[in-house]
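Chain by chain, the residues:
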Amino acid sequence: MAANNSLAGDDFLLRKVQFVVLQSLVMIFLFINLLLIITFLKKEYFYTTARYILFAVTLLSDSLLLFMADILLIFTHFHITIQVWICIIISALAILYVTVTPVTLAAMTLERYVAICMPLRHGELSSTRNTMNCILIIHGISSVPCILILSTFFVSASLSFYKKYQLCTAEILMFYIWQHNLRSALYQFQFLIMSIIIVFSYIKIMKVAKAASGEDKKSSKKGLRTVALHGFQLLLCLIQLWCPFIESALFHINLSLYEIVRYLNFLLLYLAPRCLSPLIYGLRDEVFFQALKYIASFGLYKQNLIDKMN
């Protein structure tokens, strides 16, 4: 009995340590994303240039999704149940913004393709107005899975179900196997189209890079590396989409194992890709990196000045 109590105590302590570490990492990465967003807003050039506007969309999308996913993780950790109708709203936003980032990556890839392969039309096609319209299209495309998944839920759920209290997960919207299959088919189709866009753009830019010389060749090679980075980010997003299927199976088998797997998925497939990739992208851009360095150093300078005054 004493040994069992000791094991239970060790398991409880481990879970608490994991939870504290995870929340600390979430706060750090949300702060980094916030710093990147502030950098974007501080310079007019950024919010009038297509690629930086789209980059800001990924930052906002990833930050919002990370925040909501962390809230749901906290609910699961403390076994907090909420009414189903509230969970539906949270899940709908999560489903929407899971797709916004990969669709935006495809749009950013097309922007690089136009800049390198169609330089004479780049200014016209990448105007601020067209970029704003592009953002609306991105959210329209991203809302398709959300609308279809919610539609299947609304026709399947009884009115009394909305008032029940349950642990909030995206699986709450799924009653039947065919709903899971529909979600999987929608995501796989979207990612197939986005993968084709990225591969097509990479091949076209590679052809231009081979034919170019001097500054044009350097610009084309940089474009190739950018498209390759988008492809890597898209791959991470695709891997992340398998999380709900794994978690759904475990949720109905073993709640403790479900919590462990969800913790690892959140750490490796939600937290790392959605925070490190934008940071890497921001650091690769010389103009953005210089602005980020200036804002970060200015913040430290102000803090040192306050400390001296005190």
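Predicted model only: the values in this text are computed from it and were never measured. (Residues numbered from 1 in each chain as written. Predicted model: local features only at pLDDT ≥ 70, side-chain atom pairs only at ≥ 80, totals over all residues. Heavy atoms only, no water.)

## What about the layout of surface pockets?
Part 1 of the argument: Quantified by volume, the largest pocket comes out at close to 480 Å³.
Part 2 of the argument: A106, A107, L110, C134 and I138 are the residues nearest the centre of the largest pocket, which is lined by 21 residues in total.
Part 3 of the argument: At the level of secondary structure, the elements contributing two or more residues to the lining of the largest pocket comprise helix 2 (50-77), helix 3 (84-117), helix 5 (128-156) and helix 6 (177-211).
Part 4 of the argument: Residue classes in the lining of the largest pocket are distributed as 16 nonpolar, 4 polar and 1 charged. (1 Å grid on protein atoms, 1.4 Å probe; cavity = no way out; pocket = protein on both sides within 12 Å on 5 of 7 lines; lining within 4 Å. Points joined across faces, edges and corners; volume = space filled by probe spheres on them. Helix = DSSP H or I, 4+ residues; strand = E, 2+ residues; numbered from the N terminus. Nonpolar A, V, L, I, M, F, W, Y, C, P; charged D, E, K, R; others polar.)

## Remarks on the side chain of H122
Part 1 of the argument: You can see H122 is positioned in helix 4 (residues 119-125).
Part 2 of the argument: A distance of 2.7 Å separates the side chain of H122 from the side chain of E111, its partner in a polar contact.
Part 3 of the argument: With residues up to four places along the chain from it excluded, the contact list for H122 reads E111, R112, V114 and A115. (Polar contact = N/O pair within 3.5 Å; in protein donor to acceptor, adjacent residues only side chain to side chain. Contact = heavy atoms within 4.5 Å.)

## A word on the side chain of S61
Part 1 of the argument: Locating S61 in the fold gives a position in helix 2.
Part 2 of the argument: Only 3.4 Å separates the side chain of S61 from the backbone oxygen of Y97, close enough to count as a polar contact.
Part 3 of the argument: Beyond its immediate stretch of four places on either side in the chain, S61 contacts Y97, V100 and T101.

## Details of the packing of aromatic side chains
Part 1 of the argument: Under the counting rule described, the total for this entry stands at 15 aromatic pairs.
Part 2 of the argument: For the ring pair F40 and Y47, a centre distance of 6.2 Å and an interplane angle of 70 degrees mean the geometry is edge-to-face.
Part 3 of the argument: The exposure class of Y47 is partly exposed, given its relative accessible area of 37%.
Part 4 of the argument: Among the aromatic residues, ring-to-ring pairing joins F153, F154, F161, Y162, F175, Y176 and W178 into one connected group. (Phe/Tyr/Trp six-rings, centres within 6.5 Å; stacked < 30°, edge-to-face > 60°. Buried < 20%, exposed > 50% of the residue type's maximum accessible area, 1.4 Å probe, protein only.)

## Some words on a positive patch on the surface
Part 1 of the argument: A cluster of like positive charges, contributed by K218, K221, K222 and R225, occupies part of the molecular surface.
Part 2 of the argument: Along the chain, K221 turns up in helix 7 (residues 214-240).
Part 3 of the argument: According to the relative accessible area criterion, K221 is partly exposed, its value standing at 42%. (Patch = residues over 30% accessible without salt bridge, like charges linked within 9 Å, V, L, I, M, F, W, Y side chains within 5 Å. Areas by Shrake-Rupley, 256 points an atom, 1.4 Å probe, with all protein chains shown as cover. Salt bridge = Lys/Arg side-chain N within 4 Å of Asp/Glu carboxyl O. Lys, Arg positive; Asp, Glu negative; His and termini not counted. Charge placed at Lys NZ, Arg CZ, Asp CG, Glu CD.)

## A short note on the pattern of salt bridges
Part 1 of the argument: Counted under the stated rule, the structure contains 2 salt bridges.
Part 2 of the argument: The shortest N-O distance in the salt bridge between E111 and R112 comes to 2.8 Å. Take E111 and R112: they sit in the same class, and that class is buried.

## What about the nonpolar core?
Part 1 of the argument: With 73 residues, the main nonpolar core has F40, I88, F153, L173, F266 and F288 as its most contacted residues.
Part 2 of the argument: Put simply, the parts of the chain that give this core at least two residues each are helix 1 (2-42), helix 2, helix 3, helix 5, helix 6, helix 7, helix 9 (255-284) and helix 10 (286-309).
Part 3 of the argument: Considering every element that reaches this core, the biggest residue donor is helix 3, with 17 residues.
Part 4 of the argument: Those residues in contact with F40 that sit more than four places away from it in its chain are F46, Y47, Y52, I53, A56 and F288. (Core = buried A, V, L, I, M, F, W, Y, C linked by side-chain atoms within 4.5 Å.)

## So, the packing of helix 3 against helix 6
Part 1 of the argument: Contact geometry for helix 3 and helix 6: axes closest at 9 Å, N-to-C directions at 20 degrees. Judged on the interaxial angle alone, helix 6 and helix 3 are roughly parallel. The interaxial crossing formed by helix 3 with helix 6 has left-handed handedness. Contacts between helix 3 and helix 6 involve I95, V98, T99, P102, V103, A106, T109, L110, R112, Y113, I116 and C117 from the former and Y187, Q190, F191, M194, I197, I198, F200, S201, K204, I205 and V208 from the latter. (Axes fitted to C-alpha atoms, helices over the stretch in contact; angles between N-to-C directions. Parallel < 35°, antiparallel > 145°, perpendicular 65-115°, else oblique. Left-handed = near helix turned anticlockwise from the far one by under 90°.)

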